[in-house]
Every structure is written in structure tokens, then in C-alpha cells.
Amino acid sequence: MRIAVFTGSHAGPPAHADAAAAFATGLARAGVGIVYGGGRVGLMGIVADAALAAGGEVVGVIPQHLVDDELAHPGLPRLEVVATMHERKALMAGLADAFIALPGAAGTLEELFEAWTWGMLGLHAKPAALLDVDGFWQPLLAQLRRMVDDGYLDARRLDALGVVHDAAGLLRFVEGYVHPPRKWTAPSSS
């Protein structure tokens, strides 16, 4: 199994860096591979370094322009270089069995929401989750609950988004995951 990890290119506070390292170590020790954005900086680099140090499989997927900017992790046994950010996300999704967002910024949100939306549209049936470190994702979850309350988001979709606190919690979530029905289905012809 491989988990696509979406996270920041900045390290954030020490508690986030510690949680990212512990999470990646936990996945590696459980024999679960990581697919991530291929960077050496921020939480991305911390995740890769911790998983590699624990003997885990780490696959980086990075667009050429970030390689040119010297942001690629130099110690990865497998680094897939693609032309665009769109190709990066598609390849990461294809290589992963589940998705998780650790703390990060706009790019992390964009990656998570695209993977989660693809599941809603029936493009895959893979679980998506948030690693909630120090309540980092609670404001987002409040906004998503507001979207449910206002009728923009089906509650089943929000319920299907995991909220976990460590690698063991993610693995339990993935093991018990039941994908909700597609958002859109063709009307019956009867």
C-alpha cells in the first residue's frame, strides 16, 4: 500500500515537524509506502527523510520546473519528474491507494480537494483524510460543516473524509473505509 501525502513546503511550528516525522516513521514501520511531491524542503522533506530513515518506500513526483529550482530531494531512490503540476497530481493519484493532508498551505488544500473531489465524481474510490495536528484542520472542518448545513455539500461526503491524529489512526481509517456513492449518476432509462 502507498499513501499520497500532501503537505507544506515550509516546516511550520516544531510540533508540526515532529508530527510529520512521527507520521512518516509510523507508515514506514507499518510497511506502507509514501508518494509525495518530491521536495527536500519543509514538511515534505521532513516526511521523506523520516520515512527513509525508518526503511520505508518513498516515491517523489515533481515537475521539472521545481527540479530546475533545485527543490528536488536528492536522496530519493525513486523520483518521477513530470512536465506539469497537473501531471504530478495525476501520477501521485495513480501511485497511491489513499490520500492524506498534513499541515500546509494553498497547494496542500488544492491537492487534497482535487483528490477528494475526484472520489466524489467516481473517478476513484480511494479514501482521503486529514492529519489533524494541534487542531490545525478544525477551522477547515468548521467551514465544511457550514457547507453541509447550507446544502452545498452532502453530509455523507464530509463523513467520508477521515480526521486522524497518527499513522495508526490513518491505517484504521483506510481499513474500514467505505466509499460513498458517486455524486452524479445517470438517470435510469425506465
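Residues numbered from 1 in each chain as written. Predicted model: local features only at pLDDT ≥ 70, side-chain atom pairs only at ≥ 80, totals over all residues. Heavy atoms only, no water.

**Q** A description of the packing of helix α1 (residues 14-29) against helix α8 (residues 167-176) should follow, citing residues and the corresponding values.
**A** Think of two packed helices as two axes; the pair is described by the angle between the axes and how far apart they sit. It is the contact of α1 with α8, at a shortest axis distance of 8 Å, that shows an interaxial angle of 55°. One finds that α1 runs oblique with respect to α8. In this structure, α1 contributes Phe-23, Gly-26 and Leu-27 to the contact, and α8 contributes Ala-167, Leu-170 and Leu-171. Looking at side-chain class alone, the contact of α1 with α8 contains five nonpolar, one polar and no charged residues. (Axes fitted to C-alpha atoms, helices over the stretch in contact; angles between N-to-C directions. Helix = DSSP H or I, 4+ residues; strand = E, 2+ residues; numbered from the N terminus. Parallel < 35°, antiparallel > 145°, perpendicular 65-115°, else oblique. Contact = heavy atoms within 4.5 Å. Nonpolar A, V, L, I, M, F, W, Y, C, P; charged D, E, K, R; others polar.)

**Q** Break down helix α4 (residues 85-95) for me, with residues and values.
**A** Taken together, the buried positions of α4 are occupied by Arg-88, Lys-89, Met-92, Ala-93 and Leu-95. Along α4, the residues classed as buried sweep out an arc of 165° about the axis, all on the same side. Away from its buried face by more than 90 degrees, α4 exposes His-86 and Gly-94. (Buried < 20%, exposed > 50% of the residue type's maximum accessible area, 1.4 Å probe, protein only. Arc of directions from axis to C-beta.)

**Q** Explain the sheet that holds strand β5 (residues 98-101) to me, using residue names and the numbers behind them.
**A** Within a beta sheet, neighbouring strands are joined by backbone hydrogen bonds and run either parallel or antiparallel to one another. Spatially, β4-β3-β2-β1-β5-β6-β7 is the arrangement adopted by the seven strands of the open sheet, whose pairing is parallel. Because the sheet does not close on itself, it has two edges, and the strands there are β4 (78-82) and β7 (161-164). When the angles between neighbouring strand axes are averaged without regard to direction, this sheet yields 25°. (Pairing = 2+ DSSP bridges.)

**Q** Explain the packing of aromatic side chains to me, using residue names and the numbers behind them.
**A** All chains considered together, the criterion is met by four aromatic pairs. Seen in terms of ring centroids, Phe-136 and Trp-137 are 4.8 Å apart; in terms of plane orientation they differ by 85°. Their pairing is edge-to-face. Ring centres 5.6 Å apart and planes at 65° place the aromatic pair Phe-173 and Tyr-177 in the edge-to-face group. By relative accessible area, Tyr-177 is classed as buried at 18%. (Phe/Tyr/Trp six-rings, centres within 6.5 Å; stacked < 30°, edge-to-face > 60°.)

**Q** Can you explain the pairing of strand β6 (residues 128-131)? Please cite residues and give values.
**A** Burial along β6 is two-sided: Ala-128 and Leu-130 and Ala-129 and Leu-131, pointing in opposite directions, are all buried. For β5 and β6, the ladder comprises three bridges, and the chain directions are parallel. Looking across to β6, one finds that Ile-100 is bridged to Ala-129. Following the chain from β5 across helix α5 (residues 106-120) to the adjacent parallel β6, one finds a crossover that is right-handed. As judged from the four bridges shared by β6 and β7, these two strands associate in the parallel manner. Residue pairing across strands places Leu-130 opposite Val-163, the latter belonging to β7. (Right-handed = clockwise from strand over helix to strand, strands pointing away.)

**Q** Explain the nonpolar core to me, using residue names and the numbers behind them.
**A** Formed by 32 residues in total, the largest nonpolar core has its most connected members in Val-5, Phe-23, Ile-100 and Leu-170. Listing elements by their share of this core, those giving two or more residues are β1 (2-6), α1, β2 (33-36), α2 (42-53), β5, β6 and α8. Apart from residues lying up to four places away in sequence, Phe-23 is in contact with Val-5, Ile-100, Leu-102, Leu-131, Asp-166, Ala-167 and Leu-170. (Core = buried A, V, L, I, M, F, W, Y, C linked by side-chain atoms within 4.5 Å.)

**Q** Outline helix α6 (residues 138-149), supporting the account with residue identities and numerical values.
**A** In a regular helix each residue adds 1.5 Å, so twelve residues correspond to 16 Å; α6 covers 16 Å between its end C-alpha atoms and thus fits that length. When we look at burial in α6, the residues that qualify are Leu-140, Leu-141 and Leu-144. Summarising the axial view, the buried residues of α6 lie within an arc of 100°, below the 170-degree limit, and thus occupy one face. Along α6, the residues that are exposed and aim more than 90 degrees away from the buried face are Pro-139 and Asp-149. Looking at the buried positions of α6, the neighbouring elements they touch are α5, β6, α7 (155-160) and β7. (Expected span 1.5 Å × (residues − 1).)

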